[in-house]
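Single-letter residue listing:
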Amino acid sequence: MGFRLRTGVSLRFYECFLELSFPTEGNASEVLVKYPESYQDENVLRQIPKFAFPCGSFHSTQTQLGVQSFSFVLTDCDGKFLFIFCRYASDCSTCLCFVSFLPFFEFFWKFLDVIAELNNAGQTSAFHQLMESLLHADTQPGSVLKLTFGGRELTVNVPDPEKLPAIPQNRNLTELYNCLPPESFMSLFSALLFERRLLLVSAKLTRLTCCVMATVSLLAPLQWQHVFVPLLPQHLIDYAGAPMPFVIGVHATMAEKAKAMAGGDAVIVDLDQGVVLSTHVDKPPMDALLHHEPNNNISMASWKAGRGWQKEQ
């Protein structure tokens, strides 16, 4: 997703931090806390609650799953991604969000955990110290960030967005690897290469958004050029019927409606069951891949330094 990242300007770690109330029947989610107060992008502030609670007032189901750390993106008029990192848990009644142009997934989820601890302990002063320090900290990739707040010190490494993801350091890729067996993993990758219409489905927001983010990263150094919606909210369900290639994440409560709109040629990836459903034959059977006989015209003896592979005479 490199071409979708904002570059050429001095970026800070985050543009805004939000604390949102859970939506209830007849009452939409509201912004309870905004930091800094000077952030005034009303379009972003209006869109975030709709994506953070993609199915409306379903939070009672989600909080039963424990801590849910997930992410999604908004796209600006220049086609650049604005990343939103969210967290809510069974022991709270609000959703914490970071808004940033930087794709630092593990980095922001770590800070959201820290902020949740400060909120639970009622350490308002420490929260403001942390937010102010992070807002003005050096974002140089590879540097070490040391922050002091509320009598404690936190040390983290600043990620490098140009570095290829690895397991287990990259949470998104690790989640996808754990969800899909080899056969399904290869089916997903093949569908991606053939630029199919992909719907990824899960009942867990963490699993869903991690796997959607990881899916497009499999193309590196190539990049997904089409519709990309890591978390599809209820009011945008029509996107599932788009005729062009897409990679879309859908919560399980909306899966049947999304599948019906997508039609029979869409590739459905059930992340909870670890299966890929497709009418396309995009890859040979695994047996053929694993037992493919080597080309008899190539042998190690034919290798000449600096000349590449050659046919035997």
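Below: a short report on this structure. (Residues numbered from 1 in each chain as written. Predicted model: local features only at pLDDT ≥ 70, side-chain atom pairs only at ≥ 80, totals over all residues. Heavy atoms only, no water.)

A few words on the layout of surface pockets. Quantified by volume, the largest pocket comes out at close to 1100 Å³. Along the wall of the largest pocket there are 33 residues; nearest its centre are D160, P161, K163, P165 and N170. In this model, the second largest pocket occupies a volume close to 490 Å³. Elements represented by at least two residues in the lining of the second largest pocket include exactly α1 (42–52), β3 (68–75) and β9 (227–229). When residues in the lining of the second largest pocket are grouped by element, the largest group, four residues, is from α1. (1 Å grid on protein atoms, 1.4 Å probe; cavity = no way out; pocket = protein on both sides within 12 Å on 5 of 7 lines; lining within 4 Å. Points joined across faces, edges and corners; volume = space filled by probe spheres on them. Helix = DSSP H or I, 4+ residues; strand = E, 2+ residues; numbered from the N terminus.)

In terms of backbone geometry, most residues other than glycine have negative phi values and most peptide bonds are trans. Residue P168 is bonded to the preceding I167 through a cis peptide linkage, with omega at 10°. As for its placement among the helices and strands, P168 is situated in the loop between β7 (152–157) and α5 (171–179). Here the residue pair A220 and P221 is connected by a cis peptide bond, since its omega of 10° sits within 30 degrees of zero. Notably, E195 is not glycine yet its phi reads approximately 55°, a positive angle. Among the secondary structure elements, E195 is positioned in the loop between α6 (182–193) and β8 (197–202). You can call E195 partly exposed: its relative accessible area is 43%. (Buried < 20%, exposed > 50% of the residue type's maximum accessible area, 1.4 Å probe, protein only.)

Applying the stated rule across the entire model yields 23 aromatic pairs. Aromatic side chains F22 and Y88 sit 5.3 Å apart centroid to centroid with 70° between the ring planes, which places their arrangement in the edge-to-face category. Here F22 is found in the loop between β1 (16–21) and β2 (31–35), whereas its partner Y88 is found in strand β4 (residues 81–88), with 66 residues between them in sequence. Lying across the ring of W109, R171 places its NZ or CZ 4.7 Å from the centre. (Phe/Tyr/Trp six-rings, centres within 6.5 Å; stacked < 30°, edge-to-face > 60°. Lys NZ or Arg CZ within 6 Å of the ring centre and 35° of its normal.)

Residue pairs three or four apart in sequence face the same way in an α-helix, which turns once every 3.6 residues. Taken together, the buried positions of α1 are V44, L45, Q47, I48, P49, F51 and A52. Tucked inside the fold, the buried residues of α1 contact β1, β2, β3, β4 and β5 (94–100). (Contact = heavy atoms within 4.5 Å.)

Note that every value here comes from positions in space, so none of it alone points to a role or purpose.
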